[in-house]
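Descriptive structure summary
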Amino acid sequence: MKESLDSPHPAVGTAAARPSGADRVELMQTFVRIVESGSLSAAAALLGTTQPTVSRRLQMLERSLGLRLLQRSTHRMKLTEDGERCFARAKELVTSWEAFEADLRGTGDEPEGTLRVFVPHAFGQDMMIGPLVDFLERYTRMKVHWFLQDREPDFIAEGVDCAIHVGELRDPSNVAILLTDVPRIVVASPELVRGRTPPQRPADLMALPWLALTTFYRTELTLAHRQTHESERITFDPRMSTDNLFALRSAALRGLGVGVASAWVMAEDISQGRLIQLVPQWRSTPLPMYLIYPYAKYYPARLRRFIEVMRAVVPGVIEEEQRKIR
C-alpha cells in the first residue's frame, strides 16, 4: 500500500499541539481505524473523509503524545512499540466512547459497524458461511470482514475482534468459548482399498499409503473405539503431507492415500460413495472449536451478538453434517 512518508519526529506538545478532550477522541478513533484497516486511504474511506485529513489527524495525535506511533514508507506501514501500546489503550477507550454514545441513543444492544473475524480456511469458506449469513440477516446494520487464516491472530497488532479456532489454543490470556467438538474420521477412496482385506482395527491401516494433515498430525495417530473407548496408536510414513484440509480431501478422492479429517468435510463424499469410512467404530480425538477474543472490560454489541449467534447456530451445523455418515 502506498502512503505518505514519515513526517519529522513529533515535538513534545506545545499549546497549539494539545487537542481538546473531544478532539482527542476523534484523533484516537482515526488512529484505531488506520490500524484496523491497514492504510490511511482505507481509514479515510471508513471515516468518510480524505487521506490528507487522516494523515493530519495522525500527526496531531503523535505531536500531542510526543510519540512516534507508526513507521510509514511508500510501501508499508507498521506500528512502533509505542504504537502497539497506544493502539491497545486507544481501542479500549474508543470502544467505551462508542458504547456510551449508543447507550445515550437507546441502541446499546443493537449492533452496528464492522466486525473483523479470523476463520480457518476450510470452515470459513464453507460451513461457517451459513452462521455468518444468519448473523448478517438478523443484524442489518452490521458488516463483517471475513479473513481465512489457519492460526490464532495477534488481536492488537492485526486489529481483529474475534476468531473461530479449531484445535489447541496457544494464548491462555484470551477469552475462549467452546462452541462444539468436531469429530474426525478415517477415510479413503473405494479404489484405494479395492481388492484388499477391509481393515478391522487401526493397526491394519498401517499397511495402506497415508496422507498427513500437518496442522493436526504428521506420522502418527491415536484412534479410540466409540463404544469401548479402547485406544490404539498407529504410525506411518505419509506419501503426501499438507496443511490444507481441502487439499487432503482432493488427494483422498484421487486414491492417493488414507486420511483423517473433520467428519463434516467428508460427509457428502461418503454419502455419495466417493469416499468410504474405514474402521468406522474408531475415530481420532475430536477437535474443539472455540470462539476466541481478547479480554476487555467492555465488549461492544456487535461482538456480543456475534457470540450469541455462533453459540446458537454452530453446534447444529456440525450435528447436521454428522448425521450424513451415521
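These remarks concern the structure in this document. (Residues numbered from 1 in each chain as written. Predicted model: local features only at pLDDT ≥ 70, side-chain atom pairs only at ≥ 80, totals over all residues. Heavy atoms only, no water.)

Topic: helix α3 (residues 51-65)
An α-helix turns once every 3.6 residues. As a result, residues three or four positions apart point the same way. Helix length check: α3 (15 residues) gives 21 Å between terminal C-alpha atoms against 21 Å at 1.5 Å per residue, within 8%. For α3, the full list of buried residues reads Thr 53, Val 54, Ser 55, Arg 57, Leu 58, Leu 61 and Glu 62. Phi turns positive one or two residues past the end of α3, at Gly 66, with a value near 70 degrees. (Helix = DSSP H or I, 4+ residues; strand = E, 2+ residues; numbered from the N terminus. Expected span 1.5 Å × (residues − 1). Buried < 20%, exposed > 50% of the residue type's maximum accessible area, 1.4 Å probe, protein only.)

Let's talk about the pairing of strand β3 (residues 113-119)
With five of seven residues buried, β3 is to be regarded as a mostly interior element. In terms of strand pairing, β3 meets strand β4 (residues 142-148) through seven bridges, oriented parallel. By the bridge assignment for β4, Arg 116 is matched with His 145. Two strands pair when backbone bridges link them, and β3 and strand β5 (residues 162-166) are joined in this way by two bridges, in the parallel orientation. What sits directly across from Phe 118, in β5, is Ala 163. (Pairing = 2+ DSSP bridges.)

Quick look at the pairing of strand β9 (residues 231-235)
Every second residue of β9 is oriented toward a common face, the buried set being Glu 232 and Ile 234 and the non-buried set Ser 231, Arg 233 and Thr 235. Bridge count between strand β8 (residues 220-225) and β9: five bridges; the pairing is antiparallel. Bridging from a neighbouring strand, Thr 222 pairs with Arg 233 of β9. The antiparallel pairing of β8 with β9 creates a hairpin that spans five residues between the two strands, and His 229 there sits at a positive phi of about 65 degrees.

Observations regarding the pattern of salt bridges
What the rule picks out here adds up to 14 salt bridges. The salt bridge partner of Glu 36 is Arg 33, with a shortest N-O separation of 3.2 Å. Placement of the pair is Glu 36 and Arg 33 together in helix α1 (residues 21-37), with a separation of three residues, close to one helical turn. Arg 33 sits in the buried class, given a relative accessible area of 18%. In the salt-bridge network here, residues are joined through shared partners; they are Arg 33, Glu 36, Lys 91 and Asp 161. (Salt bridge = Lys/Arg side-chain N within 4 Å of Asp/Glu carboxyl O.)

With respect to the layout of surface pockets
Roughly 430 Å³ of volume is contained in the second largest pocket. What lines the second largest pocket is a set of 25 residues, and nearest its centre among them are Pro 120, Asp 150, Val 166, Thr 215 and Phe 216. Classifying every residue of the lining of the second largest pocket gives twelve nonpolar, seven polar and six charged. A domain split of the lining of the second largest pocket shows at least three residues from each of domain 2 (113-181 + 288-324) and domain 3 (182-285). (1 Å grid on protein atoms, 1.4 Å probe; cavity = no way out; pocket = protein on both sides within 12 Å on 5 of 7 lines; lining within 4 Å. Points joined across faces, edges and corners; volume = space filled by probe spheres on them. Nonpolar A, V, L, I, M, F, W, Y, C, P; charged D, E, K, R; others polar. Domains from an automatic or database assignment.)

Examining the side chain of Arg 68
As for its position among the elements, Arg 68 is in the loop between α3 and β1 (70-72). Side chain to side chain, Arg 68 and Glu 62 meet in a polar contact 2.9 Å long. (Polar contact = N/O pair within 3.5 Å; in protein donor to acceptor, adjacent residues only side chain to side chain.)

A look at empty space enclosed by the protein
This structure, assessed with the given rule, holds two cavities of 30 Å³ or more. Here the largest cavity defines a volume of roughly 40 Å³. Along the walls of the largest cavity sit Val 32, Arg 33, Glu 36, Lys 91, Val 94, Thr 95, Glu 98 and Arg 302, which together make up its complete lining. When residues of the lining of the largest cavity are traced back to their parent elements, those giving at least two are α1 and α4 (81-104). Along the lines of polarity and charge, the residues of the lining of the largest cavity split into two nonpolar, one polar and five charged.

Some words on the environment of Ile 318
Along the chain, Ile 318 turns up in helix α11 (residues 301-322). Distance from Ile 318 to Ala 263, taken between C-alpha atoms, is 8.9 Å for residues 55 residues apart in sequence. When residues no more than four places from it in sequence are discounted, the contact partners of Ile 318 are Phe 123, Met 127, Thr 180, Asp 181, Val 182, Pro 183, Trp 264 and Met 289. (Contact = heavy atoms within 4.5 Å.)

Brief notes about a negative patch on the surface
On the surface, a cluster of negative charge is made up of Glu 81, Glu 84, Asp 154 and Asp 171. On the secondary structure map, Glu 81 appears in helix α4. Judged by relative accessible area, which is 65%, Glu 81 ranks as exposed. (Patch = residues over 30% accessible without salt bridge, like charges linked within 9 Å, V, L, I, M, F, W, Y side chains within 5 Å. Areas by Shrake-Rupley, 256 points an atom, 1.4 Å probe, with all protein chains shown as cover. Lys, Arg positive; Asp, Glu negative; His and termini not counted. Charge placed at Lys NZ, Arg CZ, Asp CG, Glu CD.)

A few points about the packing of aromatic side chains
Under the counting rule described, the total for this entry stands at nine aromatic pairs. Ring centres of Tyr 293 and Tyr 299 lie 5.2 Å apart, and the angle between their planes is 80 degrees; this geometry places the pair in the edge-to-face category. Ring-pair connections join several aromatic residues into one group, and the members of that group are Phe 135, Tyr 139 and Phe 306. (Phe/Tyr/Trp six-rings, centres within 6.5 Å; stacked < 30°, edge-to-face > 60°.)

Remember that the coordinates give geometry; whether it matters functionally is a separate question.
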